[in-house]
Amino acid sequence: MTADQAGDSRRAGGTSSSDRRTRVTVLVALGANLLIAVAKAVGGLVTGSPALLSEAAHSVADSLNEVFLLAALRRSRRPADRRHPFGYGKERFFWSLLAAVGIFVMGGCFSFFQGVEAFRSDAQESFGGYVAGLVVLGVALLAEGASLLRAVHQARGEMAGKGTAGGRSALRDPALRTVIAEDGTAVLGVTLALAGMALHMVTGQVVWEASASLAIGVLLVCVAVWLGRDARDQLIGEAADPEVSRDVRALLAAQPEIDSVEALFTMKMGLDSTLVAARIDLVPGLDSERVEEVAVRIKRSVVHTVPEVGEIFLDVTDADAKEAARSPAATGERGGA
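Model, not experiment: these values are computed from the prediction.

1. Brief notes about the sheet that holds strand 1 (residues 258-270)
Spatial strand order, 1-2-3: three strands in an open sheet with mixed pairing. Of all strands in the sheet, those bounded by a partner on one side alone are strand 1 and strand 3 (309-316). Along the sheet, successive strands turn relative to each other by an average axial angle of 20 degrees, direction set aside. Looking at chain direction, strand 1 and strand 2 (residues 273-282) are connected through 10 bridges and run antiparallel. Paired with Val261 across the bridge in strand 2 is Ile280. Sheet contacts for helix 8 (residues 242-253): strand 1, strand 2 and strand 3; angle to strand 1, the most-contacted strand, approximately 150 degrees.

2. Quick look at a nonpolar patch on the surface
Residues Val101, Phe104, Val105 and Val225 make up a contiguous nonpolar surface patch of about 310 Å² in total accessible area. Looking at where Val101 falls in the secondary structure, it is placed in helix 4 (residues 91-120). Residue classification places Val101 among the partly exposed positions, given a relative accessible area of 44%.

3. A short note on the environment of Gly217
If you trace the backbone, Gly217 turns up in helix 7 (residues 207-235). For Gly217 and His58, which are 159 residues apart along the polypeptide, the C-alpha to C-alpha distance reads 9.0 Å. Leave out the neighbours within four places in its chain, and Gly217 touches Gly108, Ser111 and Phe112.

About the cut-offs
Residues numbered from 1 in each chain as written. Predicted model: local features only at pLDDT ≥ 70, side-chain atom pairs only at ≥ 80, totals over all residues. Heavy atoms only, no water. Pairing = 2+ DSSP bridges. Helix = DSSP H or I, 4+ residues; strand = E, 2+ residues; numbered from the N terminus. Axes fitted to C-alpha atoms, helices over the stretch in contact; angles between N-to-C directions. Contact = heavy atoms within 4.5 Å. Patch = residues over 30% accessible without salt bridge, like charges linked within 9 Å, V, L, I, M, F, W, Y side chains within 5 Å. Areas by Shrake-Rupley, 256 points an atom, 1.4 Å probe, with all protein chains shown as cover. Salt bridge = Lys/Arg side-chain N within 4 Å of Asp/Glu carboxyl O. Buried < 20%, exposed > 50% of the residue type's maximum accessible area, 1.4 Å probe, protein only.

Shown next as structure tokens:
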């Protein structure tokens, strides 16, 4: 495979083997969430438990989010075309943002509603209803735990198999990261619901179960905000990881034809595709044909040596033109809140 073909493969949104593993992880999470969502909903309606109904809404939101993530995996791998010359890698970030919104609205808001309603209600649940609800939550805890272990195992396997760069890729995959966040939150949420129902059963005070619903709502909102902020940063054009920028700058500076690297700009275009634009000052004495040959060789060298780079543009400039080097993108300063 040539360097250009490798770049085209990365611009399609990520490596196919990694996507296949992530797809299996998402499907496992989807199957677990669909199963326990039905069980929680039936148990919640039978017992009238606000904590169990909150967990049912949580599982429904997670199931819908898994569908979003499957769409992200499929659509982000479409090849570049005339309308999207840099590919569709950012589809991954868009669908992850929708998943975060789903967690916030369907999970967090409904859990708050159930908690408030429980404080206002005087309804009493039967002892048999409590037992059924606790059994449902116990099964849910096992299913969510198994799904979480699968996602964590994949992340650790990719980090161990690819080294530091692979570890960055595994942790930055929004689909895999969202599944880990969802399953981790689900395990904590089920634990809170179990504690709330058990304390309600022992004390006869609904405040415990209502408080559990509110705590689940707070947990879901915090996770949704975290995932949403991360997806927002990537959608509006997040710079490459510092390690990638340092590797590219060092490689450019090591070229004998480059006198200095005046500015380096990077932007993530997908999971494994980074756009690089560099302003460089060449050594004196190179004619136009030699400059063209050098530029082609340097581009191929960067794409081959730094796997994350999908496109690179070189702008030959004069070392005296310092205004570009002082921009926030080149210096690493933040441009806003």
